[in-house]
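Listed here are the chains, written in short residue letters.
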Amino acid sequence: MTTGSTRDDSSVQSPVAAFDFVIVGATGDLTMRKLLPAFFEQFCRGRIAVGTKIIGAARSDLTDEAYRQRAKEGLQQFAASAKSAPDKIEAFLPFLHYVSLDMSDRHADWTRLTSLLDQDEGRSRVFYVATAPRLYVPTAEAIAHNGLITDTTRLVLEKPIGTDLTSADAINDGVGKHFREEQVFRIDHYLGKQTVQNILALRFANPVLERIWDADSIACVQITAAETVGVGKRGPYYDTAGALRDMVQNHLLQVLCLVAMEPPTALSATDLRDEKLKILRALKPMTSEGVARDTIRGQYVAAAANGEQIPGYLEDLGTPASHTETWLALRTEIRTPRWAGVPFYIRTGKRMARKETEIVIQFRPQPWPVFQDTPEPGFLILRIQPDEGVSLSLSSKDPTAPGFRLRETQLDVSYPQAFGVRYPDSYEDLLMAAVAGDQVLFIRRDEVTAAWQWVEPILKGWAEDVRPMETYAAGTQGPASSDALLARDGFAWKESAV
Ligand SMILES: NC(=O)C1=CN([C@@H]2O[C@H](COP(=O)(O)OP(=O)(O)OC[C@H]3O[C@@H](n4cnc5c(N)ncnc54)[C@H](OP(=O)(O)O)[C@@H]3O)[C@@H](O)[C@H]2O)C=CC1
Ligand SMILES: O=C1O[C@H](COP(=O)(O)O)[C@@H](O)[C@H](O)[C@H]1O
């Protein structure tokens, strides 16, 4: 893996060879909040060579100067290093250029964009499509039509890749007419998170863990991605997606794959993605009965929490009715020898009680009684965000009590403390990996297909209402029925202490 090292915040690294990076959708939310700040952080670390061009493209009529001014305001608001290094912003802005262009229109005037692009065939050229997904194929076609695809040209596609298997196939087929699979970089920003990449390090660099990483030792796995925010400005998109398409089909299935996969032969894009694909294909298919039994969906309603009145989803959206789930929980299994019979639970939602993304590995209990107290089940918790780290709970002898009384204690590693650095945003690694042509952190077409194949029966079951929508009060962990999903198997959600 060429990416993923944790960096000393003060260290300056050597620049990568100058490249051309076209952001299609350059005035949008994603560009301002994530993409430009990511490049800026890389610039602060010395990674952006003189001669690099970051070319914003959108239909709005802007000059380079006006775009740089917008970018500056965006960086001041969203870039982590903007406050400590304000002078760097001025030094970074000249790398930015702007082209006013409808990138989905092959017959528009592409001369300015063409003239900005370097003609050196060996130079890395990236088109990052940060527009609505319906523009992905027309944009790829227009780029091809205007003769801008070299051997070292890459196309980065934002999620979502489709809303179901058919639409995903249409996007993949459409861009595949012009770009080879090795040139297509389907982004999943969870793979850019250091803590997600660290799942591989924990598992495959620590034999003590890998040896107990199976159904003999592990009783269940819980993956939670809880957000406190609502749908914000992205309501119109979200209402057509819902939590299953927005979080599970991509991010959380990818996380599950990293937790469950067999060791790859090497950390190459092919080996890693082959192993993830095997897990996606081994997920127990959801039947209609399975959807009714093993899934729960919910929508948040207005509630008071922490002295604050939180609006419901319909108020957030400004609509009288919606059938979109803002929360879900599900149970699945992986049909491999390693995982036979181990339930994997996934839970995600908006407007939950706390922001936390974590993976809980619950170990099997002690098979014979030694102590009068029943030891707590052992847990290994991988904290993806925001309190990045890992903890292992151990039953320990309570020194304040007579005899052998047991208490749960923690071995805890906080990554920011251990490494003493700012944690880079996930887009930093991903953008630079796309420039380098390294696909290890990107999703291959067959993974997208397999993920949709598994998700589709759930969408169908929900469309047929085999599992009716529930509501949950904003600011809570979701509908009460989610406890029953685990209780049935003798488990409970492991909630972090607050
Ligand atoms: N925002 C986020 O947090 C996330 C977004 N995404 C995905 O990223 C993509 C972009 O999202 P977001 O930034 O929120 O969207 P926005 O609506 O904020 O921005 C869309 C951008 O596309 C430009 N645009 C629209 N049509 C064209 C066109 N024909 N040619 C060139 N530019 C065009 C718009 O500018 P103009 O109107 O001037 O052309 C604008 O810059 C979507 O696919 C979204 O699902 C994924 C994960 C998170
Ligand atoms: O892709 C998305 O992810 C975010 C959550 O990302 P995180 O890095 O903050 O965990 C989610 O809010 C958004 O709805 C979804 O589209």
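Residues numbered from 1 in each chain as written. Chains lettered and ligands numbered in written order. Predicted model: local features only at pLDDT ≥ 70, side-chain atom pairs only at ≥ 80, totals over all residues. Heavy atoms only, no water.

1. Some remarks on the pairing of strand β8 (residues 295-301)
In the case of a regular strand, side chains alternate between the two sheet surfaces. The condition that has to hold: Each residue is assigned to one of three classes by its accessible area relative to the maximum for its type, calculated with a 1.4 Å probe on protein chains only: buried under 20%, partly exposed between the two thresholds, exposed over 50%. Strands are runs of DSSP state E lasting at least 2 residues, helices are runs of H or I lasting at least 4, and numbering of each runs from the N terminus. Whether two strands pair comes down to DSSP finding at least two bridges between them.
For β8, a buried count of 6 out of 7 residues is recorded, marking the element as mostly surrounded by other parts of the structure. Direction of pairing for β8 relative to strand β17 (residues 470-473): parallel, over a ladder of 4 bridges. For V301, the partnering residue across the bridge sits in β17 and is A473.

2. Structural notes on helix α2 (residues 64-78)
This is how it is decided: The span expected for a helix works out to 1.5 Å for each residue beyond the first. Contacts between residues were defined by any pair of non-hydrogen atoms, one from each residue, lying within 4.5 Å.
Compared with an ideal rise of 1.5 Å per residue, which puts 15 residues at 21 Å, α2 spans 20 Å between its outermost C-alpha atoms and is within 8% of the ideal. Lining the buried residues of α2 we find α1 (29-44), β2 (53-58), α3 (86-92) and β3 (96-100).

3. Looking at the packing of aromatic side chains
For the record, the criterion: Only Phe, Tyr and Trp rings are paired, with Trp represented by its six-membered ring, and only when their centres lie within 6.5 Å; those with planes under 30 degrees apart are stacked, over 60 edge-to-face, the remainder tilted. Any Lys NZ or Arg CZ found within 6 Å of a ring centre and within 35 degrees of that ring's normal is scored as a charge over the ring.
Under the defined criterion, the tally for this structure stands at 19 aromatic pairs. Summarising the aromatic geometry, the rings of F21 and Y128 are spaced 6.1 Å apart at their centres and angled 35 degrees between planes, so their arrangement reads as tilted. Taken as a pair, F21 in strand β1 (residues 20-24) and Y128 in strand β4 (residues 125-129) lie far apart in primary sequence, 107 residues in all. Just as F21 is buried, Y128 falls in that class too. Through pairs of rings, three or more aromatic residues link up here, namely Y238, Y300, Y313, W327 and Y472. It is K193 that lies over the ring of Y190; its NZ or CZ is 4.6 Å from the centre. Positioned above the aromatic ring of W493, the side-chain terminus of R347 is 4.1 Å from the ring centre.

4. Digging into the site of ligand 1
Condition: In this text, near means that some heavy atom of the residue lies within 4 Å of the molecule or strand in question. In protein, a polar contact means a hydrogen-donor-capable atom and an acceptor-capable atom, both N or O and within 3.5 Å, with residues adjacent in sequence counting only if both atoms are side-chain atoms; elsewhere, any N or O pair within 3.5 Å suffices.
Near ligand 1 you find 23 residues, and of these T27, D29, R33, S60 and D102 are the closest. In this structure, an oxygen atom belonging to ligand 1 sits 2.5 Å away from a side-chain N or O atom of R33. Contacts to ligand 1 include T131, whose backbone N or O atom sits 2.7 Å from an oxygen atom. Top element by residues in the shell around ligand 1 is α1. It accounts for 3 residues.

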